[in-house]
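Architecture at a glance
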Amino acid sequence: MTAITPGSVALITGGTGGLGRALAALLRRQGVTVVLADLDSLRARQTAADLGAAFLPLDVTDRAANAAVVAQVEADHGRLDVAFLNAGIAGSGQQALDVDELLHVVDVDLFGVVYGAEAALPALRRAGGGSIVVTASLAGLAPHATEPGYSIAKAGAIAFVRSLAPRLVDDGITVSAVCPGFADTAIIDPLREAFAAVDFPVLSADEVAQALLGAWTARQPGAAYVVQPGVGAVPFRFPGVPSAKTADGRTATLPGRLRPPARS
Ligand SMILES: NC(=O)c1ccc[n+]([C@@H]2O[C@H](COP(=O)([O-])OP(=O)(O)OC[C@H]3O[C@@H](n4cnc5c(N)ncnc54)[C@H](O)[C@@H]3O)[C@@H](O)[C@H]2O)c1
């Protein structure tokens, strides 16, 4: 666990939503300069102002706009230390497969993360190292039956984090993911009655914000933290897959360039 350097600069995408607001408030209390990037609206701008955070309009599905936002953060605040790639939407939860809806959810929840990372990495290198923390979801580890788009987007975001992380260690850049269960924000509004009917517990936004902050300061490359009510944030242990065997029965070794770099 590393201490937060006073004057650190954090970018939070989807930053004026429920989890973004809770995280922004937490970071502000730690003396972090916070920039909230979100779809533009008067409400979003006011939310940022109320939190003592800067606001930049951003649609995360616009690849060039992600780079422009990071450039603006550097221009306004001199550096970027951590990018919380948190913007996300859910599907409608209908039974029928709606491929148009699925593609839109994947565009926001997966490609929004890919574009955000692409934009943040050069700035983090210029800052001498830093972190990317992706708000994935438990749905990326245990798919939701009525949310195929959300499930594959979040699973993809976790795989992206785990694929990217090892090669950034030498640059001093840590990439990790947080996988919350259901949390008390607007995204679960359509499910509230169903949860209440069976007394299903949901996380507070503050609990998830603590996990996002913890992922930043823990600096564990490729880690994915499950956050569940009554459990807190725990690192998810991914099962290994069976290794290939050579014709004479030895465990095969991957060619060097396919192997993640050894951690120091
Ligand atoms: N609340 C939960 O139960 C829960 C559980 C697991 C994961 N998550 C994830 O947490 C993240 C934050 O969600 P939340 O719970 O705060 O919900 P929320 O709806 O309150 O906030 C989501 C934010 O993302 C923004 N957003 C949506 N599309 C965008 C786009 N194209 N470009 C930029 N911003 C966009 C919204 O404007 C909103 O401010 C999401 O990635 C969500 O999938 C939430």
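Structural notes, computed from the coordinates. This one's a predicted model, so the numbers in the text were calculated from it and none came from an experiment.

Next up on the list: the pattern of salt bridges. Under the criterion given, the structure shown has eight salt bridges. With a shortest N-O distance of 2.8 Å, Asp40 and Arg45 are connected by a salt bridge. On the accessibility criterion, Asp40 (45% relative accessible area) is partly exposed. When the shortest N-O distance is used, the salt bridge between Asp81 and Arg79 registers 2.8 Å. One network of salt bridges, in which partners are shared, links Asp184, Asp189 and Arg192.

A few words now on empty space enclosed by the protein. Tallied over the entire structure, the rule returns three cavities of 30 Å³ or more. Empty space within the largest cavity amounts to approximately 90 Å³. Forming the walls of the largest cavity are 13 residues, and the residues nearest its centre are Asp98, Glu101, Thr146, Pro148 and Gly149. Secondary-structure elements contributing two or more residues to the lining of the largest cavity are helix 4 (99-126) and helix 5 (148-164). Residue composition of the lining of the largest cavity, grouped by class: six nonpolar, four polar and three charged.

For the rest of this paragraph, the subject is the packing of helix 3 (residues 63-77) against helix 4. Between helix 3 and helix 4, the least distance of the axes is 8 Å, while the angle of their chain directions is 30 degrees. Classified by the interaxial angle, the pair formed by helix 3 and helix 4 is roughly parallel. Two packed elements cross with a definite hand, and for helix 3 against helix 4 that hand is right-handed. Between helix 3, through Arg63, Asn66, Ala67, Val70 and Glu74, and helix 4, the contact on the second element is made entirely by Gly112, Tyr115, Gly116, Glu118, Ala119, Ala120, Ala123 and Arg126.

Let us now look at the packing of aromatic side chains. By the definition in use, this model includes six aromatic pairs. The interplanar angle of 35 degrees and the centroid separation of 6.1 Å between the aromatic rings of Phe111 and Tyr115 together place this pair among those described as tilted. Of this pair, Phe111 and Tyr115 are both found in helix 4, four residues apart, which corresponds to roughly one turn of the helix. With a relative accessible area of 35%, Phe111 lands in the partly exposed category. According to the relative accessible area criterion, Tyr115 is buried, its value standing at 19%. Judged by centre distance (6.1 Å) and plane angle (75 degrees), the rings of Phe182 and Phe200 are edge-to-face. Here Phe200 lies in the loop between helix 6 (192-197) and helix 7 (205-218) and Phe182 lies in the loop between strand 6 (173-180) and helix 6, a separation of 18 residues in the sequence. By relative accessible area, which is 42% here, Phe200 ends up partly exposed. Three or more aromatic residues joined by ring pairs make a cluster, and in this case those are Phe182, Phe195 and Phe200.

The rules behind these values
- Residues numbered from 1 in each chain as written.
- Predicted model: local features only at pLDDT ≥ 70, side-chain atom pairs only at ≥ 80, totals over all residues.
- Heavy atoms only, no water.
- Salt bridge = Lys/Arg side-chain N within 4 Å of Asp/Glu carboxyl O.
- Buried < 20%, exposed > 50% of the residue type's maximum accessible area, 1.4 Å probe, protein only.
- 1 Å grid on protein atoms, 1.4 Å probe; cavity = no way out; pocket = protein on both sides within 12 Å on 5 of 7 lines; lining within 4 Å.
- Points joined across faces, edges and corners; volume = space filled by probe spheres on them.
- Helix = DSSP H or I, 4+ residues; strand = E, 2+ residues; numbered from the N terminus.
- Nonpolar A, V, L, I, M, F, W, Y, C, P; charged D, E, K, R; others polar.
- Axes fitted to C-alpha atoms, helices over the stretch in contact; angles between N-to-C directions.
- Parallel < 35°, antiparallel > 145°, perpendicular 65-115°, else oblique.
- Left-handed = near helix turned anticlockwise from the far one by under 90°.
- Contact = heavy atoms within 4.5 Å.
- Phe/Tyr/Trp six-rings, centres within 6.5 Å; stacked < 30°, edge-to-face > 60°.

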